[in-house]
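# Coordinate analysis (summary)
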Amino acid sequence: MDVRDIQICLGHDESGDTPFGASTPPIFETASFRYPSFQSLLDGLAAEHAHPVYSRGQNPTVEVLERKLAELERGEACKCFASGMGAIHAALMGLLEHGDHVVTLNQIYGPTLQALEHLQRFGVSHDRVLDLDPEAIERALTPATKILWIESPGTMTFRQLDIAAVVDLARARGITTVMDNSWATPLLQKPLTMGVDVVVHSASKYIGGHDDVVAGALVTRRELLQQIYYRAYLLGGAALGPFEAWLLIRGLRTLPARLEQQGRDASTLARFLSEHARVRRVFHPEHRPEEAELTTRQLAGVSGLFAFELDTEDFEEVRRTIDALRLFKPAVSWGGVGSVVISPNRGSNEAELREKRIPPGLIRLSVGLEGAESLVADLETALAQ
Ligand SMILES: *Cc1c(COP(=O)(O)O)cnc(C)c1O
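Residues numbered from 1 in each chain as written. Predicted model: local features only at pLDDT ≥ 70, side-chain atom pairs only at ≥ 80, totals over all residues. Heavy atoms only, no water.

### Here's the deal with the pairing of strand β5 (residues 176–180)
For clarity, the threshold we go by: Think of it in three bands: with a 1.4 Å probe and only protein chains considered, a residue is buried below 20% of the maximum accessible area for its type, exposed above 50%, and partly exposed in between. Think of it this way: any DSSP run of H or I at least four residues long counts as a helix, any run of E at least two long counts as a strand, and we number them from the N terminus. DSSP bridges decide pairing: two strands pair if at least two such bridges lie between them. Crossovers are marked right-handed if the path from the first strand over the helix to the second runs clockwise, as seen with the strands pointing away from the viewer.
Summarising burial for β5: 5 of the 5 residues are buried, a large majority. Where burial is concerned, the two faces of β5 agree: the one with T176, V178 and D180 and the one with T177 and M179 are both buried. Alignment of strand β4 (residues 145–151) against β5, held across 5 bridges, turns out to be parallel. The partner of E151 across the bridge, within β5, is D180. Each parallel crossover has a hand, and the one from β4 via helix α7 (residues 163–171) to β5 is right-handed. The pairing of β5 with strand β6 (residues 198–202) spans 3 bridges and is classified as parallel. From the neighbouring strand, M179 faces β6, where its bridge partner is V199.

### Concerning helix α12 (residues 315–324)
What sets the pattern is the α-helix's 3.6 residues per turn: residues three or four places apart point alike. Operational definition: When we speak of the arc, we mean the arc of directions from the helix axis to the C-beta atoms. Contacts: residue pairs with any heavy atoms within 4.5 Å of one another.
Restricting attention to buried positions, one finds in α12 the residues V318, T321, I322 and A324. Projected down its long axis, α12 carries its buried residues within an arc of 165 degrees, all on one side. Next to the buried residues of α12 lie β9 (305–310), β10 (329–330), β11 (340–342), β12 (362–366) and α14 (372–384).

### Describing unusual backbone geometry
With an omega of -10 degrees, the peptide bond between S152 and P153 qualifies as cis. In this model, F158 sits at a positive phi of 55 degrees, which is unusual for a non-glycine residue. Inspection of the secondary structure assignment puts F158 in the loop between β4 and α7. A relative accessible area of 2% means that F158 is categorised as buried. Of note in this structure, R357 is not a glycine but carries a positive phi near 65 degrees. Tracing the chain through its elements places R357 in the loop between α13 (350–355) and β12. For R357, a relative accessible area of 46% translates into the label partly exposed.

### Looking at the environment of G361
The residue G361 is located in the loop between α13 and β12 in this model. Note: C-alpha distance between G361 and D311 (50 residues apart in sequence) is 7.0 Å. Residues contacting G361, with those up to four places away along its chain left out, are F308, E309, L310, T312 and V318.

### Some points on the packing of aromatic side chains
Filter applied, for reference: Ring pairs shown here join Phe, Tyr and Trp side chains whose ring centres sit within 6.5 Å, with only the six-membered ring taken for Trp; geometry is labelled stacked below 30 degrees between planes, edge-to-face above 60, and tilted in between.
Following the criterion strictly, the structure yields 5 aromatic pairs and no others. Plain terms: the ring middles of F81 and Y233 are 5.3 Å apart, the flat faces sit at 90 degrees to each other, and that makes the pair edge-to-face. Linking F81 in strand β1 (residues 77–81) with Y233 in helix α9 (residues 222–236), this pair joins segments that are 152 residues apart in sequence. The pair F81 / Y233 is uniform in exposure class, with both members buried.

### Describing the packing of helix α1 (residues 3–10) against helix α10 (residues 242–274)
To keep it simple, the criterion reads: Axes, fitted as lines to C-alpha atoms, cover a helix only where it is in contact. Angles between the N-to-C directions of the axes lie from 0 to 180 degrees. Amino acid classes used here: Ala, Val, Leu, Ile, Met, Phe, Trp, Tyr, Cys and Pro are nonpolar; Asp, Glu, Lys and Arg are charged; the rest, including Gly, are polar.
At a minimum axis separation of 7 Å, α1 and α10 run at an interaxial angle of 145 degrees. Between α1, through I6, C9 and L10, and α10, the contact on the second element is made entirely by L252, R253 and P256. The class makeup of the residues in the contact of α1 with α10 is 5 nonpolar, no polar and 1 charged.

### Overview of the sheet that holds β5
What the 7 strands build is an open sheet, ordered β1-β7-β6-β5-β4-β2-β3; its pairing is mixed. Whereas interior strands pair on both sides, the edge strands pair on one side only; in this sheet they are β1 and β3 (125–129). Across the sheet, the mean angle separating the axes of adjacent strands is 20 degrees when strand polarity is ignored. Together, β1, β5, β6 and β7 (216–220) form the strand contacts of α9, whose direction differs from that of β1 by roughly 25 degrees.

### Here we look at the pattern of salt bridges
Pairing between side chains of opposite charge can happen when the charged atoms of each approach one another. Going by this rule: Salt-bridge detection follows one rule: a side-chain nitrogen of Lys or Arg within 4 Å of a carboxyl oxygen of Asp or Glu.
Applying the stated criterion across every chain, the model contains 27 salt bridges. One salt bridge connects D5 with R74, and the closest N-O pair in it is separated by 2.9 Å. Linking D5 in helix α1 with R74 in the loop between α3 (60–73) and β1, this pair joins segments that are 69 residues apart in sequence. When the shortest N-O distance is used, the salt bridge between R319 and D323 registers 3.5 Å. Linking R319 with D323, this pair stays in helix α12, spanning 4 residues, or about one helical turn.

### Re the side chain of T312
Among the structural elements, T312 can be located in the loop between β9 and α12. Once residues within four sequence positions are removed from consideration, T312 is found in contact with R280, E317 and G361.

### Section: the nonpolar core
This is how it is decided: We call a set of buried residues a nonpolar core when its members are Ala, Val, Leu, Ile, Met, Phe, Trp, Tyr or Cys and they connect through side-chain atoms within 4.5 Å of each other.
Core analysis: the largest hydrophobic core is formed by 61 residues, its most contacted members being L65 and L69. Per-element accounting of this core gives the leading share, 8 residues, to α10. Leave out the neighbours within four places in its chain, and L69 touches C78, C80, I207, A217, V219 and L252. Membership of the second largest hydrophobic core comes to 29 residues, among which are A77, I108, I147 and V200.

What follows is the structure, given as structure tokens:
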């Protein structure tokens, strides 16, 4: 991890943001901001992205967080949202018009795909590409393709794609690349430095890190952010509240330490599972030898979310295994301090999963802070049943 990044997380960049030498920035819990004259208010309204006028636009506590996330991603500007989906929806609404086409690459977050399905009603079409070789990607691009939406490592199977190669393909055609970087956080992967145009985050995961806040962020060039700001953010209304921003600033304080332990423990668990007789395969960057070069080039480490495939296709066995775990709790979301487990298999969607190339025996683990020894023991007991 980068030393400067650790200092930003810890708050070494906040001196101008904390009056009275306070150790943390204040929470500006206010809806509006009062101006000394009507003309100065009008000036503020004329450039709302740059002035706190109303907290649906700018708020100073939220701005402290935005400056940190922009710097961590090595981007010019950041906007935070009331959820990851708020950020994703704003990116789509802010960048697309009627007639545009989107290509999604790799397994991507399900609700992002659902948002694209909905956008078909407004004349925006899309195609999904799961084969990651350059020819397959090129075949999916059309003259109307406006966005290449990528995720690496991808949802559920955690396969990586060659980000620089995708960026080259997109740039040659004037296509905007948008990447969901929630898995890695800016500490482990910096897509903008590899040429990606827009990074989106679900800050509800590692950045918040304590399962107590839902939030999102978008980092990009100033000019592109301004377009998304006025077309989608300000009108979409998914503004992040100042208290939630403060929770995320606090979450960042421990992000480097949490990621360090959770990544290390996930590696230990993945190794244990890869040698277990009931496990068909492990979906984790360190268990894909064909991606070793990508891992070295793109990732500064691994986070604590990965999956494995039970040696079965049977939903009942998946259900029983999940219910036999004691420390891993069945829950949605991930990246918090407590370990959680889920499977995309709902007992009725096996065919759909196979069509999406997700094995019905897949179980996803988010490794918390309980410690590798206890978590291995928990898996060992559950798999023995
Ligand atoms: C959770 C998640 C999102 C959506 O974020 P919310 O904060 O839940 O709206 C987007 N992308 C990925 C990869 C996620 O896991």
